[in-house]
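Each chain is listed here by its residues.
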Amino acid sequence: MSRAYNFSAGPAALPEEVLRQAQAELLEWDGARASVMEVSHRGKAFIALAEQAEQDLRELLAIPASYKVLFLQGGATQHFAQIPLNFARGASADYVLTGDWSEKAAKEARAYTQVRIAASAAATNHDRIPPRATWQLDPGAAYLHITPNETIRGVEFHDIPDAGAVPLVGDVSSTLLSRPLDVSRYALLYAGAQKNIGPSGLVVLIVREDLLERCPKDLPKILNYAEHAAQGSMLNTPNTWGWYLAGLVFKWIKAEGGVAAMAQRNRAKADLLYGYIDGSGYYRNPVEPAARSWMNVPFTLPSDELDASFLKQAEAAGLLALKGHRLVGGMRASLYNAMPLAGVQALVEFMGDFARRHG
Ligand SMILES: Cc1ncc(COP(=O)(O)O)c(C=O)c1O
């Protein structure tokens with residue numbers, strides 16, 4: 001058996017070079033005579049690794065010095081709660097709903113703060129970004145939360161909305177590092193690692209320092225971002241394995257030409273797949289072209305009854321994890337950085353062949 005093209009939405013495919021390096025140094029890392037998983041996070045060697053990973057991420061995204069970069073845990077879901085707890089207690093926060101993840105984030109925040117829905121595309125089944133002119137922003141909001149890429153329905157912002165003086169918060173779980181990003185337009189960005197960064201169990205959070213002054217002193221320390229920042233993400237034992245792998249992925253992206261090169265490739269992959277789907281007369285993607293995601297491409301076949309056979313044949317052809325999210329059904333191809341163009345070419349070829357045989 002050999003590795004197949006893996007279209008999983010997350011945990012997702014990692015670059016083969018990264019996996020090979022991790023394999024090569026699994027038993028003995030960096031002269032430690034032990035695995036990276038078996039050494040103290042407070043030892044010199046691991047601290048150097050942690051600092052290098054942060055430095056590489058800062059370079060990749062040109063993160064301004066006035067931002068802290070945190071390597072945390074809890075998955076993006078924990079931060080759905082932690083963000084309002086830190087920044088919106090006793091205040092009100094604005095949320096823009098563009099899909100299932102922004103809906104979940106808003107729902108969770110409701111337990112801790114007053115949530116205003118500034119805009120929503122729910123009425124059209126989240127097939128678009130609500131037009132900017134319809135957004136009703138509260139200039140006094142504690143923050144404005146958006147989900148720049150909705151992993152389930154494949155809706156992506158291709159620009160950054162203007163939040164005025166209100167701090168802009170972005171759940172960039174499924175888009176961070178896929179393209180250049182102007183970090184300075186956001187007050188806070190957070191991402192679960194298991195798409196473009198590394199394994200699950202790690203969250204990268206980038207936060208403007210002045211925001212940390214708002215973190216309430218009476219929060220449990222483990223939920224308080226200011227505490228995590230003050231301790232260099234080592235308030236408790238971090239996910240050392242995840243941090244190590246993220247560091248390898250950052251180095252891989254740098255060696256491949258950085259996020260600009262990733263964007264070029266990602267755009268080419270997305271164009272190929274959407275172009276094929278639209279021209280096929282067989283498959284269908286429901287999202288408005290201007291809001292289509294480069295990372296997650298949902299599509300349907302003419303009848304749900306064909307789904308099982310499509311998935312079975314795709315797997316036999318070496319194309320894995322194409323089943324759509326359980327909330328929407330159909331298919332979904334996730335095209336994160338580690339997916340080569342050749343993988344998308346193989347998918348398009350298979351889809352054409354399947355359509356000819358079943359059309
Ligand atoms: C955009 C987005 N936000 C949040 C999450 C939840 O992440 P986690 O499972 O790490 O909590 C996901 C998971 O796929 C996601 O895609």
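In this numbering scheme, every chain counts its residues from 1 along its sequence in written order. Residue-level local features of this predicted model are given only where pLDDT is at least 70; pairs of side-chain atoms are given and counted only at 80 or more, and the full residue set underlies all totals for whole chains, interfaces and linings. Side-chain measures were taken over the full set of non-hydrogen atoms in the model, leaving aside hydrogen atoms and water.

So, about the packing of aromatic side chains. Aromatic contacts are taken between Phe, Tyr and Trp rings whose centres are within 6.5 Å, Trp giving its six-membered ring; a plane angle under 30 degrees counts as stacked, one over 60 as edge-to-face, and the others as tilted. Enumeration over the complete set of coordinates arrives at 16 aromatic pairs. Here the aromatic rings of Tyr276 and Tyr283 are separated by 6.0 Å at their centres, their planes lie at 50°, and the arrangement is tilted. For the pair Phe310 and Phe354, a centre-to-centre distance of 5.1 Å together with 80° between the ring planes defines the contact as edge-to-face. Taken together, the positions of Phe310 in helix α9 (residues 307-316) and Phe354 in helix α10 (residues 341-358) put the pair 44 residues apart, joining distant regions of the chain. By the criteria applied, helices consist of DSSP H or I runs no shorter than four residues and strands consist of E runs no shorter than two, each listed in order from the N terminus.

What follows is about the pairing of strand β9 (residues 188-192). Exposure classes here rest on a 1.4 Å probe applied to the protein chains alone. A residue is buried below 20% of its type maximum, exposed above 50%, and partly exposed in between. For β9, the tally of buried residues reaches five of five residues, placing the bulk of the element in the interior. The alternating pattern of β9 places Leu188, Tyr190 and Gly192 and Leu189 and Ala191 on opposite faces, both of which are buried. One ladder, built from three bridges, connects strand β8 (residues 168-171) with β9; its direction is parallel. Pairing of Gly170 across the sheet is with Leu189, part of β9. What makes two strands pair is DSSP finding at least two bridges between them. Relative to strand β10 (residues 203-208), β9 is paired through five bridges, and the arrangement is antiparallel. The residue of β10 that forms the bridge with Ala191 is Val204.

Right, let's get into the sheet that holds strand β4 (residues 114-120). Read from one edge to the other, the open sheet built from seven strands follows the order β2-β10-β9-β8-β5-β3-β4, with strand pairing classed as mixed. At either margin of the open sheet sits one strand with a lone partner, and together these are β2 (67-72) and β4. Across the sheet, the mean angle from the axis of one strand to that of its neighbour is 20°, orientation sign disregarded. In this description, contact between two residues means that some pair of their heavy atoms is separated by no more than 4.5 Å. Structural elements are reduced to axes, namely lines fitted to C-alpha atoms, with helices fitted over the stretch in contact, and the angle between N-to-C directions of any two is expressed from 0 to 180 degrees. Strands in contact with helix α2 (residues 44-61) are β2 and β10; relative to β2, the strand with the most contacts, it is inclined by about 125°.

Right, let's talk about the site of the ligand for a bit. Residues in contact with the ligand, as listed here, are Gly75, Ala76, Thr77, Phe80, Trp101, Asn149, Thr151, Asp171, Ser173, Gln194 and Lys195. Between the ligand and the protein, one listed contact pairs an oxygen atom with a side-chain N or O atom of Thr77 at 2.5 Å. Here Lys195 contributes a side-chain N or O atom positioned 2.8 Å from an oxygen atom of the ligand. Protein contacts shield 84% of the accessible area of the ligand, which totals 390 Å² for the unbound molecule. Counting residues per element, the shell around the ligand draws most heavily on helix α3 (residues 75-87), which supplies four residues. Proximity is defined per residue: if any heavy atom of the residue lies within 4 Å of a molecule or strand, that residue is considered near it. Polar contact is the term for a pair of N or O atoms within 3.5 Å; when the atoms are in protein, one must be able to donate a hydrogen and the other to accept it, and sequence-neighboring residues count only if both atoms are side-chain atoms. Accessible surface is estimated by sampling points in the Shrake-Rupley manner with a 1.4 Å probe; for residues, cover comes only from the protein chains shown.

Below, the discussion takes up the pattern of salt bridges. Think of it this way: side chains of opposite charge can pair up when their charged atoms draw near. Note on definitions: salt bridges are taken to be side-chain nitrogens of Lys or Arg within 4 Å of carboxyl oxygens of Asp or Glu. Within the structure shown, the criterion is met by 19 salt bridges. As a salt-bridge pair, Asp100 and Arg153 come within 2.8 Å of each other at their nearest N and O atoms. Placement of the pair is Asp100 in helix α4 (residues 100-109) and Arg153 in the loop between β6 (149-150) and β7 (155-156), with a sequence separation of 53 residues. A residue is classified by how much of its surface remains accessible, and Asp100, at 9% relative accessible area, is buried. Measuring nitrogen to oxygen at the nearest pair gives 3.7 Å for the salt bridge that ties Asp271 to Arg267. Of the two residues, Asp271 and Arg267 both sit in helix α8 (residues 258-280), four residues apart, roughly one turn of that helix. According to the relative accessible area criterion, Asp271 is partly exposed, its value standing at 45%. A residue is classified by how much of its surface remains accessible, and Arg267, at 44% relative accessible area, is partly exposed.

None of the figures reported here should be taken as evidence of function without further support.
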